[in-house]
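Overview (structure and organization)
If you want the building blocks of each chain, they are given just below.
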Amino acid sequence: MNTLSKTKKIINKFDIKANKRYGQNFLIDDDILQHIVRAADITIEDLVVEIGPGLGNLTEYILDSAGYTLLIEIDKKMIDILNDRFKEYNNYMLLNEDILKVDIDKIANEIEIKQNTKYKRVKVVANLPYYITTPIIFKLLQDENNISDITVMVQKEVAQRMVAHTNTKDYGILTLMVEYFCDAKIEIDVPKSSFIPEPNVTSAVICLKKNRKYSVKSEKLLFELIHKAFAQRRKKMINSLESNKFNNMTKKEIEQLFTKCNIDINVRAEQLDLKQYIDIINNM
Ligand code: SAH
């Protein structure tokens, strides 16, 4: 039976209505589901974390290839459905929690102890709830955790922001944060018709591989600089930094710092690449 038929059956059996508030768009396209699992390169040595398993359409593919899977789903209604659908499996743990409140590392450690196995990699694989994509990505990137790979479905527009170039409207905080922590690659665009119900936008699968290429004196200051530079992205960057009180520096001090880094004092935030942002911090 294909995923579309399985989904229809589950929806009828449990009388499910997709909950908009939780961003529920169920993926029903088997080609795309297979593509995600292949792109995530899941092996028996991996601990996979799936955010928002929903009815379990992507989960079914993950459980068949991963060593162990941690499922985190906020909607209580989905919990019984998932336990029913996967009663034959013993390689998963299902938590009824909000991903933004979960300490993934702590639970991953508990799983390793319980399973008496040290997993080679911790990978996140998910069709994300779009209303909280950015907070989830920031959490996965910034938390000190063991996650090595993130393969997720997001809105296409968000995927484009993650891999944007300087001097474009897509280039911004998300671009710089992703570039600082990872290598990013858009895998495939996904049409609305691959979901039920159909979302309002086209989607894309993106792969983020953790890889810190730069050393910076203070990450905290770097992130503050990036956020405050783009707080008013149409202004000159110096003015945005001054009015948002970056490190409590005066305009004069910021100008001197830019000059020291060979950066034109009239630039806007979107004109500087990550190396230049890091240069600013390392020259403070
Ligand atoms: N993976 C499924 C469903 C994707 S829809 C599929 O591809 O078919 C997004 C899922 O994320 C829904 O099941 C929704 O209930 C869940 N979700 C929404 N907000 C969440 C949160 N804060 N924490 C965990 N799961 C959440």
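The text that follows walks through the structure, step by step, so that each part is easy to find. (Residues numbered from 1 in each chain as written. Predicted model: local features only at pLDDT ≥ 70, side-chain atom pairs only at ≥ 80, totals over all residues. Heavy atoms only, no water.)

Some remarks on the layout of surface pockets
To find leftover empty space, a probe the size of one water molecule is rolled over the atoms. As a reminder, the rule being used: Space inside and on the surface of the protein is sampled on a 1 Å grid over the protein atoms alone, with a cavity defined as a set of points where a 1.4 Å probe fits but cannot get out and a pocket as an open set with protein on both sides within 12 Å along at least 5 of 7 lines; lining residues have an atom within 4 Å of a point. Grid points are joined across faces, edges and corners, and a volume is the space filled by probe spheres set on the points. Elements are defined by DSSP. Helices are runs of H or I of four residues or more, strands are runs of E of two residues or more, and each kind is numbered from the N terminus. For this classification, Asp, Glu, Lys and Arg are treated as charged, while Ala, Val, Leu, Ile, Met, Phe, Trp, Tyr, Cys and Pro are nonpolar and the rest, including Gly, are polar.
Considering only enclosed or pocket space, the largest pocket measures out at about 300 Å³ in volume. Taken together, Met1, Lys6, Lys9, Ile10, Lys13, Phe14, Glu60, Ile81, Asp84 and Arg85 make up the full set of residues lining the second largest pocket. Where the lining of the second largest pocket is concerned, the elements lending two or more residues are α1 (3–14) and α4 (76–85). If one sorts the elements of the lining of the second largest pocket by residue count, α1 sits on top with five residues. Residue composition of the lining of the second largest pocket, grouped by class: four nonpolar, no polar and six charged.

Regarding the packing of aromatic side chains
Quick reminder of the rule: Whether two aromatic rings pair depends on their centres lying within 6.5 Å, for rings of Phe, Tyr and Trp, where Trp uses its six-membered ring; planes under 30 degrees apart make the pair stacked, over 60 edge-to-face, and the rest tilted. Accessible area is worked out with a 1.4 Å probe on protein chains only. A residue is then buried under 20% of its type maximum, exposed over 50%, and partly exposed in between.
One pass over the structure, following the stated rule, counts seven aromatic pairs. Pairing Phe86 with Tyr89 gives two aromatic rings, centres 5.6 Å apart and planes at 80°, and the pair type is edge-to-face. With a centroid separation of 6.4 Å and an interplanar angle of 20°, the aromatic rings of Phe230 and Tyr277 are classed as stacked. Pair noted here: Phe230 is in the loop between α9 (219–229) and α10 (237–243) and Tyr277 is in helix α12 (residues 274–282), with a separation of 47 residues, a long-range link. Accessibility classification places Phe230 together with Tyr277 in one group, the buried group. Ring-pair connections join several aromatic residues into one group, and the members of that group are Phe86, Tyr89 and Tyr92.

Some details on the sheet that holds strand β7 (residues 182–190)
What counts, and what does not: Only strands joined by at least two bridges in the DSSP assignment are considered to pair. Interaxial angles span 0 to 180 degrees and are taken between N-to-C directions of axes, which are lines fitted to C-alpha atoms, for helices over the stretch in contact. In this analysis, two residues are considered to be in contact whenever any of their non-hydrogen atoms come within 4.5 Å of each other.
Taking strand neighbours across the sheet as the criterion, the seven strands line up as β4-β3-β2-β5-β6-β9-β7 in an open arrangement whose pairing is mixed. Edge positions in the open sheet fall to β4 (92–95) and β7, since each of these has one partner strand only. Along the sheet, successive strands turn relative to each other by an average axial angle of 15°, direction set aside. Contacts between helix α5 (residues 104–115) and the sheet are confined to β2 (46–51), β3 (68–72), β4 and β6 (147–155), with β3 contributing the most and set at about 140° to the helix.

Here's the deal with the site of the ligand
Put simply, the rule is: Residue proximity to a molecule or strand is established when one non-hydrogen atom of the residue lies within 4 Å of it. Here a polar contact is recorded for every N or O atom pair within 3.5 Å, except that within protein the pair must consist of a potential hydrogen donor and a potential acceptor, and residues adjacent in sequence are included only if both atoms are side-chain atoms. In these tables, accessible area is a Shrake-Rupley quantity obtained with a 1.4 Å probe, and a residue counts as shielded only by the protein chains included in the view.
Around the ligand, the structure places 21 residues, and the nearest of them are Gly52, Glu73, Asp98, Asn127 and Tyr131. The backbone of Gly52 places a nitrogen or oxygen atom 2.8 Å from a nitrogen atom of the ligand. In the environment of the ligand, a nitrogen atom lies 2.9 Å from a nitrogen or oxygen atom belonging to the side chain of Asp98. Considering the ligand on its own, with 570 Å² of exposed area, one finds that the protein chains cover 100% of that surface.

Description of the pattern of salt bridges
We count it as follows: When a carboxyl oxygen of Asp or Glu lies within 4 Å of a side-chain nitrogen of Lys or Arg, that pair is called a salt bridge.
On inspection of all chains with the given rule, the structure shows 18 salt bridges. In this structure, the salt-bridge partner of Glu60 is Lys6, at a minimum N-O distance of 2.5 Å. Of this pair, Glu60 sits in helix α3 (residues 57–65) while Lys6 sits in helix α1, and the two are 54 residues apart along the sequence. Between Asp183 and Lys213 there is a salt bridge; the shortest N-O distance is 3.1 Å. With Asp183 in strand β7 and Lys213 in the loop between β9 (203–210) and α9, the pair connects residues that are 30 residues apart, well separated along the chain. According to the relative accessible area criterion, Lys213 is partly exposed, its value standing at 37%. When salt bridges with common partners are traced through the structure, they connect Lys6, Glu60 and Arg85 into a single cluster.

Thoughts on empty space enclosed by the protein
Taken as a whole and assessed by the stated rule, the structure comprises one cavity of 30 Å³ or more. The wall of the largest cavity is formed by 28 residues, among which Gly52, Gly54, Glu73, Asn127 and Pro129 lie closest to the centre. Mapped onto the lining of the largest cavity, the elements with two or more residues apiece are β1 (26–27), β2 and α3.

Section: the environment of Arg161
Relative to the assigned elements, Arg161 resides in helix α7 (residues 156–162). With 72 residues separating them in the primary sequence, Arg161 and Tyr89 have C-alpha atoms 38 Å apart. Discounting residues that sit within four places of it in the chain, Arg161 has contacts with Thr134, Asp170, Leu174 and Thr175.

Quick word on the state of the cysteines
A disulfide bridge is the covalent bond that connects two cysteines by way of their sulfur atoms. Stated precisely, the cut-off is as follows: Any cysteine sulfur atom paired with another within 2.5 Å is treated as part of a disulfide.
In the structure shown here, the tally under the stated rule is zero disulfides. Here Cys182 stays free of any disulfide, with the sulfur of Cys207 as its closest cysteine sulfur at 11 Å. For Cys207, a relative accessible area of 8% corresponds to the buried category.

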